[in-house]
Amino acid sequence: MLAVPLRSLLLLMVIGLIDLVSTAVLHAQGLIVEMNPVMRVFIDRSEWLFVLAKGATLLIAFYVISRYIKSHPKFVSKACLWGSGAYVALWSTWFITGR
């Protein structure tokens, strides 16, 4: 019963991890500027600090959402899928347009 919401959550986490790694690597090479003003504070100081901050937000989100799966699996599944779509759309827009 929890397979679908868990897969949705894992999809969201994989997208977040891809974003984390690609952002840190591309920023370290001077190819991008972080568009998220909150995360920009961290990455401008150090890519490793950014990885720590972004990784912490992903871990906290995973923990909170995975606890909520047990009581509201349908909501979690939909929220994670919508969140994944929004994440990819926003990241793609920022990456393509630079805004």
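Everything numeric here is computed off the predicted structure, so don't read it as measured data.

S.K.: Break down the packing of helix α2 (residues 37-45) against helix α3 (residues 47-69) for me, citing the residues and quoting the values.
M.R.: To characterise two packed helices, one gives the angle between the axes of the helices and the distance between these axes. The interhelical angle for the contact between α2 and α3, taken along N-to-C directions, is 145°, at an axis separation of 5 Å. Residues Met39, Phe42, Ile43 and Arg45 of α2 form the contact with α3, whose own contacting residues are Glu47, Leu49, Phe50, Ala53, Lys54 and Thr57. A class-by-class count of the residues in the contact of α2 with α3 yields six nonpolar, one polar and three charged.

S.K.: So what's going on with the environment of Trp91? Residues and values would help.
M.R.: Position of Trp91 among the secondary structure elements: in helix α4 (residues 73-97). Sequence spacing of Trp91 and Asn36 is 55 residues, and the spatial spacing of their C-alpha atoms is 10.0 Å. Residues in contact with Trp91, not counting those within four places in the same chain, are Asp19, Ser22 and Thr23. At a separation of 2.8 Å, a polar atom in the side chain of Trp91 contacts the side chain of Asp19.

S.K.: Quick one: what's the story with the layout of surface pockets, residue by residue and with numbers?
M.R.: Its volume calculated, the largest pocket comes out at about 470 Å³. Along its surface, the largest pocket is lined by 22 residues, and Asp19, Glu34, Lys54, Trp91 and Trp94 are the ones closest to its centre. At the level of secondary structure, the elements contributing two or more residues to the lining of the largest pocket comprise α1 (3-28), α3 and α4.

Parameters at a glance
- Residues numbered from 1 in each chain as written.
- Predicted model: local features only at pLDDT ≥ 70, side-chain atom pairs only at ≥ 80, totals over all residues.
- Heavy atoms only, no water.
- Axes fitted to C-alpha atoms, helices over the stretch in contact; angles between N-to-C directions.
- Helix = DSSP H or I, 4+ residues; strand = E, 2+ residues; numbered from the N terminus.
- Contact = heavy atoms within 4.5 Å.
- Nonpolar A, V, L, I, M, F, W, Y, C, P; charged D, E, K, R; others polar.
- Polar contact = N/O pair within 3.5 Å; in protein donor to acceptor, adjacent residues only side chain to side chain.
- 1 Å grid on protein atoms, 1.4 Å probe; cavity = no way out; pocket = protein on both sides within 12 Å on 5 of 7 lines; lining within 4 Å.
- Points joined across faces, edges and corners; volume = space filled by probe spheres on them.

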